[in-house]
Amino acid sequence: MRKLLRNFTLFLVVFLILAGFLSLINNPWQKQAELSFNNLVTAIQNNEIKKIGIEGNKLEATFQDNTQKFAHKENGESLANLLKIYGLAEDKLRAIAIENQEPSGWSAWLSSLGPFLLPLILFILFLWIMMRQLAGANSRAMMFGQSAAREENPTKPANGKKTTFKDVAGSVEAKQELEEVVEFLKEPQKFLKLGARIPKGVLLIGPPGTGKTLLAKAVSGEAGVPFFHMSGSEFVEMFVGVGASRVRDLFRRAKKSAPAIVFIDELDAVGRQRGAGLGGSHDEREQTLNQILVEMDGFETDTNIIIMAATNRPDVLDPALLRPGRFDRRVTIDLPDIREREAILLLHASNKPLSGVDVHKVAARTPGFSGADLFNLLNEAAILAARHNQTSISENDVLISIEKVMLGPERKSFILSDQEKRVTAYHEAGHAVVSHLIPEADPIHKISIIARGHAAGYTIKLPTEDKRLHNKAEFLADLAVLLAGQAIEKQVFKDITTGASSDLRKATTLARQLVTEFGMSDKLGPRTFGAKEELIFLGREISEHRDYGEKIAQAIDEEISAFLQDAHKRAQSLIRDNMAKIEKVVHVLLAQETIESDEFKKLMAEAS
Ligand code: ADP
Ligand code: MG
Ligand code: ZN
């Protein structure tokens, strides 16, 4: 549609310029000079005129020297009468030849059209092109609506090789979780007989290039079912109604070939919060999203179709997508750590002639690289080697290419300096160890010093069960864990970095909630402060009204500070007493960048 509009404007501009140009040079058929009727009469009087041709009201005067000039006469009156009215003598009139060139209908029409002819032709041409474009777009739209989703049958894939879990290096946990999906697809009866509900939607969450698409394909390859692929971003530029009809068609075809996998890549492009955009331009996206929801709810529990989707922005997704019975299974895929990077490199190196490349060293030099980056890296190295007419890829080729990939347009994450790495390792170790030491805190799932988003590192805690209720002790534990990062930076480096700012923000928000929402402050007692207006269907807070006075406001602030101070002190003393454990974690983190839960537990047991 946008393209069409652009063409339209282009044509309009060209048309206007041409029209303007033509009007400047006046009537193109009238290149000869103009003569006023008065001057024409004078010229006839002076015997200068030989002949006058009449064509309607247009007069073509031929002089004795055969030059021609144009003149116009008034409407209605014949030339002879007019000349008489202008006082021309009868003999003078008879001396000139008057030729009535009364034009035939067609040429009269054309000549009256004269000044407009060229622009008119252009305009018609332009209309014609517009029509063709519209028709073309429509037929393209129709095509979209019907079957633009790519289907790959893993039994006979286009490249002749089916994708399996073997093609995905690392991502062990993700593969384990997806193994279950493969089982569902292969043997649904086994699960249905026991009354198990087969999952409908699996959401793959992870940064770009971490192999989400690859994993989805591998699931279909492992299960030997067809793979229907479409990308959310394809819907953004679509015509009204096309997105929805395409979704309908996709699911219809998938149902026909069930068991099957429908894969929606870049789900966030269509799955953004409804009503979040300004203006009406999001209608198409919302219709598409609604249709996806309708389809997901629509099919029976025994329809053997699993919908997989990928996103790197789960935070912007419409909550409706995450409700039970929709994408209620979530698989997170992180950037690979050093061991996973090594595995990915080895996998992609298997069809490339490497000579003397220390893959471990390359993995160590590429923190923050995704699987796609590593693939790209080996490719760049191969290109480099080929350009130097080598027969194999040397370590130097690979190392040189690291920078190229890093500085290339696709590199988004940043690489930490050694000092930053150390600070981050202590910071994350602080969170993890304090969390481990407080019984009410959630167990550690993963610690990492691989930069991600704006954070230099991260520690993922895993709530033991899906708890609906939390008690005060748990919240106090959370506060201490959040503040542990900053506390340890202070203790070890005698300085604090900006790395802790999001921890502080989270801690402050939590402390405020304890006081104002959960009534957990002993001083202020069991009441809430501030009335919230919520847009129920969005599940979002919209505004807050103050329903208390200045004095209470001050007391609230003091209580929030007290909660934070206590938590900080608690973290501080735990850190001071357990530096041995922390040093151990830091050491391992610096060596391998990430620590998984089991390894962490082992470290804690050893260090005590
Ligand atoms: P995403 O969908 O998460 O953006 P892709 O699945 O498109 O990532 O990955 C792009 C390419 O990167 C894959 O085709 C593959 O070559 C490579 N790749 C990414 N992750 C891995 C991995 N874990 N193992 C092997 N190759 C990977
Ligand atoms: Mg992808
Ligand atoms: Zn932190």
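Please read all numbers here as calculations on a predicted model, not as lab measurements.

A. Molecular detail of the UniProt feature "active site" (unreviewed entry) in the protein chain. Within the UniProt annotation, "active site" (unreviewed entry) is assigned to Glu428. Of the residues examined, glutamate 428 reaches a relative accessible area of 5% and is grouped as buried.

B. A look at helix 2 (residues 37–45). Taken together, the buried positions of helix 2 are occupied by Phe37, Leu40, Val41, Ala43 and Ile44. Summarising the axial view, the buried residues of helix 2 lie within an arc of 160 degrees, below the 170-degree limit, and thus occupy one face. Close packing links the buried residues of helix 2 with strand 1 (49–55), strand 2 (58–63), strand 3 (68–72), helix 3 (79–85) and helix 4 (90–95). Within two residues after helix 2, asparagine 47 carries a phi angle of roughly 60 degrees, on the positive side.

C. Representation of the pattern of salt bridges in the model. Summed over all chains, the structure comprises 17 salt bridges. The closest approach of N and O atoms between glutamate 295 and lysine 255, which form a salt bridge, is 3.8 Å. On the criterion of sequence distance, the pair formed by glutamate 295 in helix 11 (residues 283–298) and lysine 255 in helix 9 (residues 242–256) is long-range, its members being 40 residues apart. Between aspartate 522 and lysine 472 there is a salt bridge, with the nearest N and O atoms lying 3.7 Å from each other. On the criterion of sequence distance, the pair formed by aspartate 522 in the loop between helix 18 (501–516) and strand 15 (531–535) and lysine 472 in helix 17 (residues 472–493) is long-range, its members being 50 residues apart. Residue lysine 472 is classed as partly exposed on the basis of its relative accessible area, which comes to 26%. Residues joined by salt bridges that share partners form a network here, namely Glu183, Glu187 and Lys190.

D. Structural detail: the nonpolar core. With 51 residues, the main nonpolar core has Ile447, Leu479, Ile582, Val585, Ile595 and Phe600 as its most contacted residues. For this core, the secondary structure elements donating two or more residues are helix 16 (418–437), strand 13 (444–448), helix 17, helix 18, helix 19 (550–577), helix 20 (579–592) and helix 21 (597–607). When residues of this core are assigned to their parent elements, the largest contribution, eleven residues, is made by helix 17. Excluding residues within four positions of it along the chain, leucine 479 makes contact with Ala507, Leu510, Ala511, Leu514, Phe563, Leu564 and Ala567. Counting residues in each nonpolar core, the second largest holds 26 residues, with Val168, Val202, Leu204 and Met308 among its members.

About the thresholds
- Residues numbered from 1 in each chain as written.
- Chains lettered and ligands numbered in written order.
- Predicted model: local features only at pLDDT ≥ 70, side-chain atom pairs only at ≥ 80, totals over all residues.
- Heavy atoms only, no water.
- UniProt positions renumbered as here; feature names shortened; annotations may be inferred.
- Buried < 20%, exposed > 50% of the residue type's maximum accessible area, 1.4 Å probe, protein only.
- Helix = DSSP H or I, 4+ residues; strand = E, 2+ residues; numbered from the N terminus.
- Arc of directions from axis to C-beta.
- Contact = heavy atoms within 4.5 Å.
- Salt bridge = Lys/Arg side-chain N within 4 Å of Asp/Glu carboxyl O.
- Core = buried A, V, L, I, M, F, W, Y, C linked by side-chain atoms within 4.5 Å.

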